[in-house]
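One letter stands for each residue in the lines below.
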Amino acid sequence: MARGPQLSPLVLTDAETAQLTAWSRRPKTARALAERARIILTSATGVSNSEVARVMQLKRETVIKWRSRFLAQRLDGLLDAPRPGAPRTITDGDVERVIRKTLEERPPTDEATHWSTRGMARAAHVTQSAVVRIWHAYGLQPHREETFKLSTDPLFIDKVRDVVGLYLQPPERALVLCVDEKTQVQALDRTAPLLPLSLGAPARRSHDYVRHGTTSLFAALDVATGRVIADCHQRHRAREFRTFLNTIDRTVPADLDVHLVLDNYRTHKAPTVKRWLAQHPRYHLHFTPTSSSWLNQVETWFSLLTRRQLRRGVHRSVAELEAALLAYAARANDAAKPFRWTRTADDILQSVKRFCLHTSNSRH
């Protein structure tokens, strides 16, 4: 004979089932409300409270609470109870309407390309401050936009596994170097002196500048130590790249094999480079996929160089610029630390897969 209190039968109407299903499936519904809807839908199948709690990984008391409130108040019982204090001026419907419009709709084409707080306030019939609070609470930023680029390289998977394998499990008695060029680095001088940082005001520089020429920085990053072999050339043709390969060859011990990680720039595949490689069989080239410069670790070093040396630097000649670049590389080598590569090839490919699925299902 069964022990304990008997469960009150939970029977749903068609309208209640449709509403609960919509709450549980719509990604824009508040998480708490979606969870409560799933509790009721699962309970309506006739299983016990303990079984519902086990399936949904909740406490049994939580299931009992929302089941009881639904039996007493039906759908209204699943909504948040009124809080103490002044009554709410923004209802759950207002919040859901603002979120849905922000994510699923766009303003009229003759008005704007994206929502503003005032435009959304007019469209959703709420105040501008309400839109600001809702967007802030849910992390919505319609004014921001980022760019992306997906590689169309037919050998994308093979190249990712090849390069990442070098980072995570480098071969013995070999050196792995990430090689690239930072081209057209400009020697810039400001038209007025820089205004230094002061209390309450950032450092300031003039908008216009005087350009004194350009140079190209060739760099090879040792992934094991973080040290960089650097050299500057006026141009970045195959001839200059071959000269840089000679610089690398003079620097690397002769008893080590050298694995170079490169992008698909055509100078890296020029006939003069191929002839040089044939004469130096200890060198092995590994190309990153097209449009995948993020896979080359030397790009991270270039980013640090730009932020720390170039963006605010003042150089009145190309010779001064090249001296500053090589001095920065020398200082960085004195305190070099390798970049820590943590993601496996499978992690990267799964991330790309999720992004492709998200893009394909974006309805754009």
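Residues numbered from 1 in each chain as written. Predicted model: local features only at pLDDT ≥ 70, side-chain atom pairs only at ≥ 80, totals over all residues. Heavy atoms only, no water.

**Focus on the overall build of the protein chain**
In terms of regular secondary structure, the protein chain is built from 13 helices and five strands. C-alpha extents for the protein chain along the principal axes are approximately 85 × 60 × 40 Å. For the protein chain, the proportion of its 364 residues judged to be buried stands at 38%. For the protein chain, contacts bridging at least 24 residues in sequence account for 67% of all contacts bridging at least 6. With the model as given, the accessible surface of the protein chain reaches about 23,000 Å², and the carbon-plus-sulfur share is 52%. (Helix = DSSP H or I, 4+ residues; strand = E, 2+ residues; numbered from the N terminus. Buried < 20%, exposed > 50% of the residue type's maximum accessible area, 1.4 Å probe, protein only. Contact = heavy atoms within 4.5 Å. Areas by Shrake-Rupley, 256 points an atom, 1.4 Å probe, with all protein chains shown as cover.)

**A few points about the packing of aromatic side chains**
Tallied over the entire structure, the rule returns six aromatic pairs. Measuring from centroid to centroid gives 5.0 Å for F148 and F355, while their planes differ by 70°, and the two rings are edge-to-face. Placement of the pair is F148 in the loop between α7 (128-138) and α8 (156-168) and F355 in helix α13 (residues 345-360), with a sequence separation of 207 residues. On the basis of relative accessible area, F355 is assigned to the partly exposed category, the value being 31%. (Phe/Tyr/Trp six-rings, centres within 6.5 Å; stacked < 30°, edge-to-face > 60°.)

**Examining the sheet that holds strand β4 (residues 257-262)**
Strand order in the open sheet formed by five strands is β3-β2-β1-β4-β5, with mixed pairing between adjacent strands. Of all the strands in the sheet, the pair left with one neighbour each is β3 (228-233) and β5 (283-287). On average, each strand axis in the sheet is tilted by 30° relative to the strand beside it, whichever way the strands run. Two strands pair when backbone bridges link them, and strand β2 (residues 209-222) and β3 are joined in this way by six bridges, in the antiparallel orientation. (Pairing = 2+ DSSP bridges. Axes fitted to C-alpha atoms, helices over the stretch in contact; angles between N-to-C directions.)

**Some details on the confidence of the model for the protein chain**
Residue-level pLDDT values for the protein chain average 86, and 95% of them are 70 or greater. β3 holds the highest mean pLDDT among the elements of the protein chain, 93, whereas helix α1 (residues 14-25) holds the lowest, 82. (pLDDT = per-residue confidence, 0-100.)

**Brief notes about the side chain of T306**
Relative to the helices and strands, T306 resides in helix α11 (residues 298-310). When near neighbours in sequence (up to four residues on either side) are disregarded, T306 contacts K182 and R311.

**Looking at the pattern of salt bridges**
Within this structure, the stated rule accounts for 13 salt bridges. Note that R316 and D189 form a salt bridge whose closest N and O atoms lie 3.7 Å from each other. Within this pair, whereas R316 is found in the loop between α11 and α12 (318-334), its partner D189 is found in strand β1 (residues 174-190), the two being separated by 127 residues in sequence. As a salt-bridge pair, R237 and E240 come within 2.8 Å of each other at their nearest N and O atoms. The exposure class of E240 is buried, given its relative accessible area of 10%. (Salt bridge = Lys/Arg side-chain N within 4 Å of Asp/Glu carboxyl O.)

**Section: the pairing of β1**
In terms of burial, β1 is largely enclosed, as 13 of its 17 residues are buried. When β1 meets β4, the two strands line up parallel, connected through five bridges. Pairing of L177 across the sheet is with L260, part of β4. Sheet analysis places β1 next to β2, joined by eleven bridges and oriented antiparallel. Each bridged residue has a counterpart across the sheet, and for V179 the counterpart in β2 is A220.

**Comments concerning the packing of helix α5 (residues 92-104) against helix α6 (residues 117-124)**
Direction vectors running N to C along α5 and α6 enclose 120°, while the axes themselves pass 10 Å from each other. Put simply, α5 runs oblique to α6. As α5 runs across α6, the sense of the crossing is right-handed. For the pair α5 and α6, the contacting residues are R97, V98, K101 and T102 in the first and M120, A123 and A124 in the second. When grouped by side-chain class, the residues that make up the contact of α5 with α6 number four nonpolar, one polar and two charged. (Parallel < 35°, antiparallel > 145°, perpendicular 65-115°, else oblique. Left-handed = near helix turned anticlockwise from the far one by under 90°. Nonpolar A, V, L, I, M, F, W, Y, C, P; charged D, E, K, R; others polar.)

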